Amino acid sequence: MPDTDAEETAAAPASTAGKGAGGIAGFFRTAEIDTRLLGMIGALIIMWIGFNIMSGGTFLTARNLWNLTVQTSVVAIMATGMVLIIVTRNIDLSVGSALAAIGMAMALLQTEILPDIFGIGHPAIWIISLAAGIAMGAAIGGLQGAIVAYVGVPSFIVTLGGLLVWRGVAWWMASGRTIAPMDATFQIFGGGARGTIGGTWTWVIGIAGCIGIIALMVSRRRQRIKFGFTPRPMWAEIGIGTVVCAVVIGAVAVINSYPMPELLARKYAEENGIAWPEGGLTIAQGLATPVLVALVVALVMQFMATRTRYGRYVYAIGGNPEAAELAGVKTRWTIVKTFMLMGVLVAIAAAVLIARLNAATSGMGQLSELYVIAAAVIGGTSLSGGVGTIPGAVLGALVMQSLISGMVLMGVDAPLQDIVVGIVLIVAVALDSFYQRKAV
Amino acid sequence: MTQETIQQTPLVEMKDIRVAFGGVHAVDGVSVDLYAGEVVALVGGNGAGKTTLIKTLSGAHKADSGQIKIDGQDVTIDNPRDAKALGIETIYQTLALAENIDAPGNMFLGRELKTRWGTLDDSAMESETRKVMARLNPKFTNLKVPVASLSGGQRQSVAIAKAVYYNARIIIMDEPTAALGPAETTQVGELIKQLKSEGIGIFLISHDIHDVFDLADRISVVLQGKLVGTVDKDDVTMDDVLGMIIIGKLPDDVTQTEREQLHG
C-alpha cells in the first residue's frame, strides 16, 4: 500500500501541518503520521459509508469494491505522473488524446500488422505491441517536454495543442474505425475473464506487502539510530505497522470474497479438472491485473519521487526553479524526463483500457485529462508547484471514482454526476487551501 | 606555496567583463582580481552592476565578452555546474533555496549523497548537515522541516552551509548579512575571517560600509557598470569610499567642492 511512507514525503507541506497545536496534532507529529493523507482516508471512509446507506447497502459489497478498484486503475496510473508534472509547475492536457492515439497504435499493431508477420496468438504480438506503445508514449512526452523546456512555450499551450493533435492522429490512424478484438494474451491487462491473479496469489501479494512494509520500517529505524537521530517512538512504530498491515490484509480479504461468476467458475473447474459440486463452487478471482499494474506503478513512482535524485530535482524545480538551476540541477532535462515519464504512464493506462474494452476507438479517453488532473489536485497537489504526493494522487483517483460509482448505484443522472464531481473538486481544493493557510 | 608565489598569481582574474541587457550596459568593461586568503569587497549603489558582474563568475549569467582566469588559466563558465567544478561557490542575495524542501535537501541539492543502491541517503545528508550547523548555527536543530518555515537567520545558515561545505576555493557572498540581526551578522563576520584564514578567496558584495571596512582587504567600487577603482582598505577612509560610490572618482581626484557637496 502506498500510504505507508507518510513521513518519506518530506517535500509535502504536510510534515509541517499541526505545528504549534496541542493534543491530537502533537500526537500525530510524534508518531510522524501524515495528517493530510489521514484526512483524505477519513473523507473516503465517510463517503463510502454515506453511499452505502443511500444506495441501500449495495456500495460496500465485495463486488462493488472489487469493481471500484478496477475502474480506478486507469486514472490512478496517469495521476501518479500528473503529480510530478504539476509539481514542476507544468500541466499536461494532452493525456486523454495521447491515450487514444497510443491505444489505437497498439490495437492496430496487434490486430492488423503483427498477426500477418507472426500468426495470430504469437507471444511476440503482445510484447511488441506493449513495447511500441510505451516507446510512443515516451516519444510523445519527450517531444512535448522538449518544446516546453527548451523552446520555452508554456506547457498549457503545448499540451493544449497536443490535445487536438493526438486526438486527430488517433482518428487518422484508422479513419475513425473501432479496432477489435485484442490479442488474447494482451487482454489480461484489462482484467476480465482471464485477467485476475486468483485468491492464492492475492494473499501472497498481501502478505509480501506486509513483510515489505515492516522491513522498510525496521530499516528506517536502524538507519536513524545509526546516525544518532531520535527514532519514532516504539508504540508508534508498532501501532502504525499493525494498522497498515491490518488494512492490507483486510483489503485482500474483501477482494477475495468476490467470487467468479458461475459461468467462469464452471469453465475454470473444467480446465483444472475440478468436479463441479452440487450448489456450485466459490472460487476467488483475486486481484485484477489492472489493479496490480496500478499498484506496481504507484510503488515505482513513489520510489522515484522520494528516494531518487530525479524525484528530489522535480520537487526542487517546483519549489524554486532558479535555485535548482543555480544549484547545478539540469532543470530543462528534468522537465523533459517528467513529460516522458507521463507519456509512458499514459501508454500503460492505454494498454489497460484497450484490453479492458477489448477494443480501441478514436474517442477513448475523452475528458480523462481532466479526471487525471482532478485526481492529482484532490490528492493535495498544488497547481502553483512544489507540492504533491503519489499516494495522495492515488487516493484522489479513488475518491473521484467512488463518487462516480456511488452516484451510479444511487441512479443519479449523468449530467448531475458531472455537476457533483465538478463541485466536489472545487470544494476539496478550497478546504485544502483553507487548511494549508491555517497550518503554515 | 609561499606567500610570495600566492601573491604573484591571482586566484581569480576577471578582465574587461561586459554584459548588456538590450541596449543597457549593466557591466561595461570591468576588471577585478582576487588572491587566495583575501576578501575583496564589491561596492556601489543599487543597479551599479555588482551582482551582474559576479553572476558571470558564478555561472548564473554569461558575459558578452571578457576573460576569466582561475590560477592564471583561462576558463569558460557557462553554467553554475562549471563554476562549482572550478571550486566557486556562491551565496546569493535571494539565498536561492527551494522553499518546499528541508535544510539537508537544500544543502545537498545537485550533489546528493547516495546509498550503495543509488538511492538518496537522507540520513547521511541529515547527519552531515547537523555537523555543519553545529559550527555555523548551533541553535538551529529542526532540520527536517521545509525551509519555508524557517527564520531568516536559519535560512541564511542553510545558504551559507551550502557554500562552505564543499571545500570551495572561491566564495562569492552577495549581501550575506542583509536579512540578519546583529548577533548573526557578527557570526557571519567570524565565519568570513575563518574562511579567509583557510586560504579561501572571497568576493563580498555589501551595502554596509562598516561591514566592508571590517572584513575586506581591498575594495572595488563600481558605478553605472564601470569600475571606479580598487583601493586597499588601509589606504583610504570611509569617506573616501563613499566619495567613490557617489561621485565616481578616486580619492585623489575628488575636488574640494565635490568633497563639500558630499558632506552637505
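Residues numbered from 1 in each chain as written. Chains lettered and ligands numbered in written order. Predicted model: local features only at pLDDT ≥ 70, side-chain atom pairs only at ≥ 80, totals over all residues. Heavy atoms only, no water.

Concerning the overall build of chain B
Then, in step 1: The helix and strand inventory of chain B stands at 10 helices and 10 strands.
Then, in step 2: Rg of the C-alpha trace for chain B: 19 Å, near the compact-globule value of 18 Å for 264 residues, within the 12% margin.
Then, in step 3: C-alpha atoms of chain B, sized along the principal axes, occupy 65 × 45 × 40 Å.
Then, in step 4: The burial tally for chain B puts 53% of its 264 residues in the buried class.
Then, in step 5: Residue pairs in contact within chain B that sit at least 24 positions apart in sequence constitute 61% of those at least 6 positions apart.
Then, in step 6: As displayed, chain B offers around 11700 Å² of accessible surface, 49% of which is attributable to carbon and sulfur atoms.
Then, in step 7: For chain B, the centre of its 26 positive side-chain charges and the centre of its 37 negative side-chain charges are spaced 7 Å apart. (Helix = DSSP H or I, 4+ residues; strand = E, 2+ residues; numbered from the N terminus. Rg over C-alpha atoms; globule rule 2.2 N^0.38 Å. Buried < 20%, exposed > 50% of the residue type's maximum accessible area, 1.4 Å probe, protein only. Contact = heavy atoms within 4.5 Å. Areas by Shrake-Rupley, 256 points an atom, 1.4 Å probe, with all protein chains shown as cover. Lys, Arg positive; Asp, Glu negative; His and termini not counted. Charge placed at Lys NZ, Arg CZ, Asp CG, Glu CD.)

Quick look at the sheet that holds strand β6 (residues 88-91) of chain B
All names here are of chain B.
Then, in step 1: Taken together, the 6 strands give an open sheet; going across it, the order is β6-β7-β8-β3-β9-β10, and neighbouring strands pair in mixed fashion. Each edge of the open sheet is held by one strand with a lone partner, namely β6 and β10 (226-232). Averaged over all pairs of adjacent strands, the angle between their axes in this sheet comes to 15°, without regard to strand direction.
Then, in step 2: Pairing analysis gives 4 bridges linking strand β3 (residues 39-43) to strand β8 (residues 201-205), with the strands arranged parallel. Considered in β8, the bridge of Ala41 is made with Leu204.
Then, in step 3: The sheet contacts of helix α2 (residues 50-58) involve β3, β6, β7 (170-174), β8 and β9 (218-223), and relative to β8 the element is tilted by about 150°.
Then, in step 4: Together, β3, β9 and β10 form the strand contacts of helix α9 (residues 238-247), whose direction differs from that of β9 by roughly 20°. (Pairing = 2+ DSSP bridges. Axes fitted to C-alpha atoms, helices over the stretch in contact; angles between N-to-C directions.)

Things to note about the nonpolar core
All names here are of chain A.
Then, in step 1: Counting 79 residues, the largest nonpolar core has Ile77, Met78, Met82, Leu84 and Phe186 as its most contacted members.
Then, in step 2: Per element, the largest residue contribution to this core is 16 residues, and it comes from helix α13 (residues 331-357).
Then, in step 3: When sequence neighbours within four positions are dropped, the list of residues in contact with Met78 reads Val95, Leu99, Met342, Leu345, Val346, Ala349, Ser368 and Val372. (Core = buried A, V, L, I, M, F, W, Y, C linked by side-chain atoms within 4.5 Å.)

Thoughts on the pattern of salt bridges
Then, in step 1: One pass over the full model with this rule turns up 22 salt bridges over all chains.
Then, in step 2: Its salt-bridge partner being A:Arg232, residue A:Glu237 comes within 3.9 Å of it at the nearest N-O pair.
Then, in step 3: Residue classification places A:Glu237 among the buried positions, given a relative accessible area of 11%.
Then, in step 4: Of the residues examined, A:Arg232 reaches a relative accessible area of 10% and is grouped as buried.
Then, in step 5: For B:Asp33, the salt bridge identified is with B:Arg218, shortest N-O distance 3.1 Å. With B:Asp33 in strand β2 (residues 24-34) and B:Arg218 in strand β9, this residue pair connects regions lying 185 residues apart in the sequence. (Salt bridge = Lys/Arg side-chain N within 4 Å of Asp/Glu carboxyl O.)

Here we look at α13(A)
Then, in step 1: Given a rise of 1.5 Å per residue, 27 residues ought to cover 39 Å, and the 39 Å separating the end C-alpha atoms of α13(A) matches this to within 8%.
Then, in step 2: Following α13(A) by one or two positions, A:Asn358 adopts a phi angle in the positive range, close to 55°. (Expected span 1.5 Å × (residues − 1).)

Quick notes on the side chain of B:Asn106
Residues and elements named next belong to chain B.
Then, in step 1: By the secondary structure assignment, Asn106 is in helix α4 (residues 103-107).
Then, in step 2: Polar side-chain contacts of Asn106 include one of 2.8 Å to the backbone nitrogen of Ala98.
Then, in step 3: Setting aside anything within four residues of it in sequence, one finds Asn106 in contact with Leu97, Ala98, Ile101, Val147, Val158 and Lys162. (Polar contact = N/O pair within 3.5 Å; in protein donor to acceptor, adjacent residues only side chain to side chain.)

Considering the packing of helix α3 (residues 62-87) of chain A against helix α15 (residues 390-410) of chain A
All names here are of chain A.
Then, in step 1: At a minimum axis distance of 7 Å, the contact between α3 and α15 shows a crossing angle of 140°. Relative to α15, the element α3 is oriented oblique. Note that α3 runs across α15; the crossing there is right-handed. Contacts between α3 and α15 pair Asn64, Leu68, Gln71, Thr72, Val75, Ala76, Ala79, Thr80, Val83 and Leu84 from the former with Ile390, Ala393, Val394, Ala397, Leu398, Gln401, Ser402, Ser405 and Leu409 from the latter.
Then, in step 2: Looking at side-chain class alone, the contact of α3 with α15 contains 12 nonpolar, 7 polar and no charged residues. (Parallel < 35°, antiparallel > 145°, perpendicular 65-115°, else oblique. Left-handed = near helix turned anticlockwise from the far one by under 90°. Nonpolar A, V, L, I, M, F, W, Y, C, P; charged D, E, K, R; others polar.)

A word on the environment of B:Ile160
Residues and elements named next belong to chain B.
Then, in step 1: Structurally, the position occupied by Ile160 is in helix α6 (residues 152-164).
Then, in step 2: The sequence separation of Ile160 and Glu89 amounts to 71 residues, and the corresponding C-alpha distance is 9.6 Å.
Then, in step 3: Setting aside its immediate chain neighbours within four residues, Ile160 contacts Ile91, Leu136, Val188 and Leu191.

Quick word on the interface of chain A and chain B
Where interface size is quoted, it is often the accessible area lost as the parts come together.
Then, in step 1: In this complex, chain A contributes 29 residues to the contact, which on the side of chain B involves 31 residues.
Then, in step 2: Between chain A and chain B, a total of about 2700 Å² is buried, with carbon and sulfur atoms accounting for 58% of that surface.
Then, in step 3: Counting every contact that joins chain A to chain B gives 3 salt bridges.
Then, in step 4: A salt bridge links B:Glu112 to A:Arg309; the nearest nitrogen and oxygen atoms lie 3.5 Å apart. (Buried area = accessible area lost by both parts, 1.4 Å probe.)

With respect to the confidence of the model for chain B
Residue and element names in this part refer to chain B.
Then, in step 1: Averaged over all residues, the pLDDT of chain B is 88; the fraction at 70 or higher stands at 96%.
Then, in step 2: When pLDDT is averaged over each helix and strand of chain B, the minimum, 53, is found for helix α1 (residues 3-8) and the maximum, 95, for α4.
Then, in step 3: In this model, residues 1-6 is a region of pLDDT below 50 whose contacts with residues beyond four sequence positions or in other chains number 3 contacts. (pLDDT = per-residue confidence, 0-100.)

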